[in-house]
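A structural walkthrough
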Amino acid sequence: MAFQKAVKGTILVGGGALASVLGLSQFAHYRRKQVNLAYVQAAECISEPVNREPPSREAQLLSLQNTAEFDILVIGGGATGCGCALDAVTRGLKTALVERDDFSSGTSSRSTKLIHGGVRYLQKAIMKLDIEQYRMVKEALHERANLLEIAPHLSAPLPIMLPVYKWWQLPYYWVGIKLYDLVAGSNCLKSSYVLSKSRALEHFPMLQKDKLVGAIVYYDGQHNDARMNLAIALTAARYGAATANYMEVVSLLKKTDPHTGKERVSGARCKDVLTGQEFDVRAKCVINATGPFTDTVRKMDDKNAAAICQPSAGVHIVMPGYYSPESMGLLDPATSDGRVIFFLPWQKMTIAGTTDTPTDITHHPIPSEEDINFILNEVRNYLSCDVEGGKWTTYRSMAEDTINAAIKTHDLKAGPSRTVGLFLQGGKDWSPTLYIRLVQDYGLESEVAQHLAATYGDKAFEVAKMASVTGKRWPIVGVRLVSEFPYIEAEVKYGIKEYACTAVDMISRRTRLAFLNVQAAEEALPRIVELMGRELNWDDYKKEEELETARKFLYYEMGYKSRSEQLTDRSEISLLPSDIDRYKKRFHKFDADQKGFITIVDVQRVLESINVQMDENTLHEILNEVDLNKNGQVELNEFLQLMSAIQKGRVSGSRLAILMKTAEENLDRRVPIPVDRSCGGL
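Since the model is a prediction, treat every value here as computed from it, not as a measurement.

Quick look at the overall build of the chain now. What the chain contains, in helices and strands, is 24 helices and 21 strands. Classification of the 682 residues of the chain by burial places 58% in the buried group. Expressed as a percentage of contacts within the chain between residues at least 6 apart in sequence, the contacts between residues at least 24 apart total 73%. Only carbon and sulfur atoms are counted for the fraction: they give 51% of the accessible area of the chain, which is about 28,400 Å².

Here it is in structure tokens:
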């Protein structure tokens, strides 16, 4: 997956009333800036949500059109923008938010999934005696604790192991990590501890055994970033904010200030991306929270404005879950070039690696083959020491500071921020054992019930009520979208209530299939489009359009294209003679006629011999992944190229390789073959 981010951001002013917030960017500079925001009339704080459920998108659009003037209009539906909307509306300010794509469609859904307090910043604070860095760490640790509290269903503490390769580093790192615990104080998640070399290797056997002397384990937080962003947006909507995705700002509205005679921003001309309808949304204050697109909005205010945003692009890869223990991550600074690697368990998979390179702004960032090869070859996550961007962790404090600027600068009489401790959608009545009630009351599979509880919190019961009967003795309800992931069809229907408008919304941000496994997402697409079409009254043309758009999204943005290009007809075969003999024997179990190639018929014959049935279209897809010259058959040379690429780490999770290996092991025993996907989310 590819993502873009803004680095070294600050709060800047455009045209008198346009406050620019760079999404997920360092906020320390902000406090030293004066922000000229329009006067906002005082209002009573809202103590309880005004809506039991978020209003429909249609109702939100009517609110945007029919409200004479909002106090605050936020442009951008990422973590920071939605946080601003929630902070403002809970202070009693009349609030609107528009997002040109889906909520969390940008950087906020493509993070490393960590809620971290900034252990690297603490090192800088100590080494450079930098009080500002220390305050950043202190604030981030407070925000980390708050985020874990207000959305317990979406977040949890995660132990992270720091391997140590030199004896002198053991006490050095231990003191630093203990200081991290000390600074956290009452917000410390769990106390850090030391692991012996043997215990460290039990957790991560791929570490350099000869140099390893031990490891230190410390705790940070982890979350489901896209669902967290959505929970903030839905909570803001329940408290009365008029929020709408797929609403693009095409221009800014201005009017002359009667007191100063100068023009100031007074709202925005917005366009419904889905229908093309345009209308004005007027507001006393406009906040630009568009992350890497900050300069685009600033130039709407002043076309001569100098660019202040330096975007960079990064790539993460999703690997099989066995690269990390289910309950522990790894951060290793001792790579060959001195930079950092980490493996993080997430949704039973492993996230690894990110590049950080300058890029041009685009709405659809695409991971390059070079970046993916770079990570696959090194399996590293490069974190530049010079980049001081903000973090998901501090979205709430950035939002609070932004709204505080309006209050302080203009002596506004709005109430104080209420978002510390304010439960997000689904968090209030969640408990770790909630899933048991879902199993008992609705007859859901345990794995599905755990997934629903961890995704929707106390709203999981609403999803369960929508679940279709399976027609089986067990589970009673909960038809899966794909067999190997716990996502069910009812989530598609519920996702529409959560403002999902496209199939891409559903596979990437309401569910996380696109991030976890592109093949599984592609397999689920037809059914997802069919279900959405029923609910949204799509005709056949619209359904085909959604399928095509979603497939392009998987192919380009989620790295399916780059993944398929890891194996080409020019790939080298570098295998030991013994390996070549072993793989030839495996191949010939399918190529019984010694033709030198295998076809769908050959694979079906082997599967039938062990009483396994598989859809012909699925078999065609499996063989097509390896059929380099696209002649409808897999030749021995292509199979050996595949196995060589797997050994070198350039390809993982090949369905054909898994199927053939399992078939070889089970031919004599005549047992069914589990064909599980793995690592589809490059």
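Back to the text.
Quick look at the UniProt feature "domain: EF-hand" (unreviewed entry) in the chain now. Look at the UniProt record and you will see "domain: EF-hand" (unreviewed entry) annotated at residues 578-613 and 614-649. In residues 578-613, the share of helix is 64% and the share of strand is 6%. The end C-alpha atoms are 32 Å apart.

Once that is clear, we can look at the packing of helix H11 (residues 434-442) against helix H12 (residues 446-456). A pair of packed helices is captured by two measures, namely the crossing angle of their axes and the spacing between those axes. The N-to-C vectors of H11 and H12 enclose an angle of 130°; their axes lie 8 Å apart at closest approach. By the angle class used here, H11 and H12 are oblique. The two elements H11 and H12 meet at a crossing, and its hand is right-handed. The segment H11 lies against H12, with Leu434, Tyr435, Leu438 and Val439 engaging Ser446, Ala449, Gln450, Leu452 and Ala453. Classifying every residue of the contact of H11 with H12 by side-chain character gives 7 nonpolar, 2 polar and no charged.

Another point: the packing of helix H14 (residues 490-497) against helix H17 (residues 518-536). Running from N to C, H14 and H17 cross one another at 45°; their axes reach a closest spacing of 9 Å. Compared by their axis directions, H14 and H17 come out oblique. Of the two possible hands of crossing, H14 and H17 adopt the one that is right-handed. Residues Val492, Lys493 and Ile496 of H14 lie in contact with H17, whose contacting residues are Ile528, Leu531, Met532, Glu535 and Leu536. Here the contact of H14 with H17 is built from residues that sort into 6 nonpolar, no polar and 2 charged.

The next point concerns the confidence of the model for the chain. Per-residue pLDDT for the chain averages 82, and the proportion of residues at 70 or more is 83%. Confidence drops under a pLDDT of 50 for residues 5-44, and excluding neighbours within four residues, the segment shows 149 contacts in the predicted structure. Ignoring residues within four places in sequence, the model shows residues 380-388, a span with pLDDT below 50, making 33 contacts including any to other chains.

This paragraph deals with the packing of aromatic side chains. Evaluated as defined, the whole model comprises 10 aromatic pairs. The interplanar angle of 90° and the centroid separation of 6.4 Å between the aromatic rings of Tyr583 and Phe639 together place this pair among those described as edge-to-face. Note that Tyr583 is positioned in helix H20 (residues 577-590) and Phe639 in helix H23 (residues 636-647), a separation of 56 residues in sequence. Residue Phe639 is classed as buried on the basis of its relative accessible area of 0%. An angle of 35° between the planes, with centres 5.7 Å apart, marks the rings of Phe587 and Phe639 as tilted. Taken as a pair, Phe587 in helix H20 and Phe639 in helix H23 lie far apart in primary sequence, 52 residues in all. Judged by relative accessible area, Phe587 falls into the buried class, the value being 0%. Through pairs of rings, three or more aromatic residues link up here, namely Trp168, Tyr172 and Tyr173. Directly above the aromatic system of Trp538 lies the positively charged group of Lys542, at a separation of 5.7 Å from the ring centroid. Note that Lys595 overlies the ring of Phe597, its terminal NZ or CZ placed 5.3 Å from the centroid.

All right, on to the pairing of strand E16 (residues 329-332) then. Where a strand is regular, its side chains alternate between the two sheet faces. Examined bridge by bridge, strand E7 (residues 155-164) and E16 share 2 bridges and lie parallel to one another. Bridge assignment links Ile160 to a residue of E16, and that residue is Gly329. Sheet topology note: the E16/strand E17 (residues 341-346) ladder contains 3 bridges and is antiparallel. Across the sheet, residue Leu331 finds its bridge partner in E17, namely Phe342.

With that out of the way, let us pick up H23. Helix length check: H23 (12 residues) gives 17 Å between terminal C-alpha atoms against 16 Å at 1.5 Å per residue, within 8%. Of all 12 residues in H23, 9 are buried; the element is thus mostly enclosed. Those residues of H23 that are buried are in contact with H20, strand E21 (634-635) and helix H24 (655-666).

Next up on the list: the nonpolar core. By size, the foremost hydrophobic cluster in this structure holds 40 residues, and its most contacted members are Ile72, Tyr395 and Leu424. Of all the elements in the fold, those that place two or more residues in this core are strand E4 (70-75), helix H2 (79-89), helix H4 (131-150), helix H7 (225-238), strand E13 (278-288) and helix H10 (395-410). The greatest single-element share of this core, amounting to 8 residues, is contributed by H7. Two domains each provide a minimum of three residues to this core, namely domain 1 (57-110 + 227-288) and domain 2 (114-221 + 313-381). Among all residues touching Tyr395, those that are not within four sequence positions of it are Ala79, Thr80, Gly83, Leu147, Ile150, Ile232 and Leu424. Val318, Val482, Ala503 and Ala514 belong to the second largest nonpolar core, which has 34 residues in total.

A word on a nonpolar patch on the surface. The grouping of Ile126, Met127, Trp168, Tyr172, Trp174, Val175, Leu179, Leu182 and Val194 at the surface amounts to a nonpolar patch, some 910 Å² of accessible area in total. When residues in the nonpolar patch are grouped by element, the largest group, 5 residues, is from helix H5 (residues 169-184). In this structure, Ile126 sits in helix H3 (residues 119-128). When its relative accessible area of 40% is taken as the criterion, Ile126 is described as partly exposed.

Let's shift gears to unusual backbone geometry. Here the bond from Trp474 into Pro475 is cis, since omega is -5°, no more than 30 degrees from zero. Position of Pro475 among the secondary structure elements: in the loop between helix H13 (460-466) and H14. With a phi angle near 65°, Ser104 is a residue other than glycine that sits in the positive phi range. Note on placement: Ser104 falls in the loop between strand E5 (95-99) and strand E6 (114-115). According to the relative accessible area criterion, Ser104 is buried, its value standing at 2%. With a phi angle near 60°, Asn537 is a residue other than glycine that sits in the positive phi range.

What counts, and where the lines are drawn
- Residues numbered from 1 in each chain as written.
- Predicted model: local features only at pLDDT ≥ 70, side-chain atom pairs only at ≥ 80, totals over all residues.
- Heavy atoms only, no water.
- Helix = DSSP H or I, 4+ residues; strand = E, 2+ residues; numbered from the N terminus.
- Buried < 20%, exposed > 50% of the residue type's maximum accessible area, 1.4 Å probe, protein only.
- Contact = heavy atoms within 4.5 Å.
- Areas by Shrake-Rupley, 256 points an atom, 1.4 Å probe, with all protein chains shown as cover.
- UniProt positions renumbered as here; feature names shortened; annotations may be inferred.
- Axes fitted to C-alpha atoms, helices over the stretch in contact; angles between N-to-C directions.
- Parallel < 35°, antiparallel > 145°, perpendicular 65-115°, else oblique.
- Left-handed = near helix turned anticlockwise from the far one by under 90°.
- Nonpolar A, V, L, I, M, F, W, Y, C, P; charged D, E, K, R; others polar.
- pLDDT = per-residue confidence, 0-100.
- Phe/Tyr/Trp six-rings, centres within 6.5 Å; stacked < 30°, edge-to-face > 60°.
- Lys NZ or Arg CZ within 6 Å of the ring centre and 35° of its normal.
- Pairing = 2+ DSSP bridges.
- Expected span 1.5 Å × (residues − 1).
- Core = buried A, V, L, I, M, F, W, Y, C linked by side-chain atoms within 4.5 Å.
- Domains from an automatic or database assignment.
- Patch = residues over 30% accessible without salt bridge, like charges linked within 9 Å, V, L, I, M, F, W, Y side chains within 5 Å.
- Salt bridge = Lys/Arg side-chain N within 4 Å of Asp/Glu carboxyl O.

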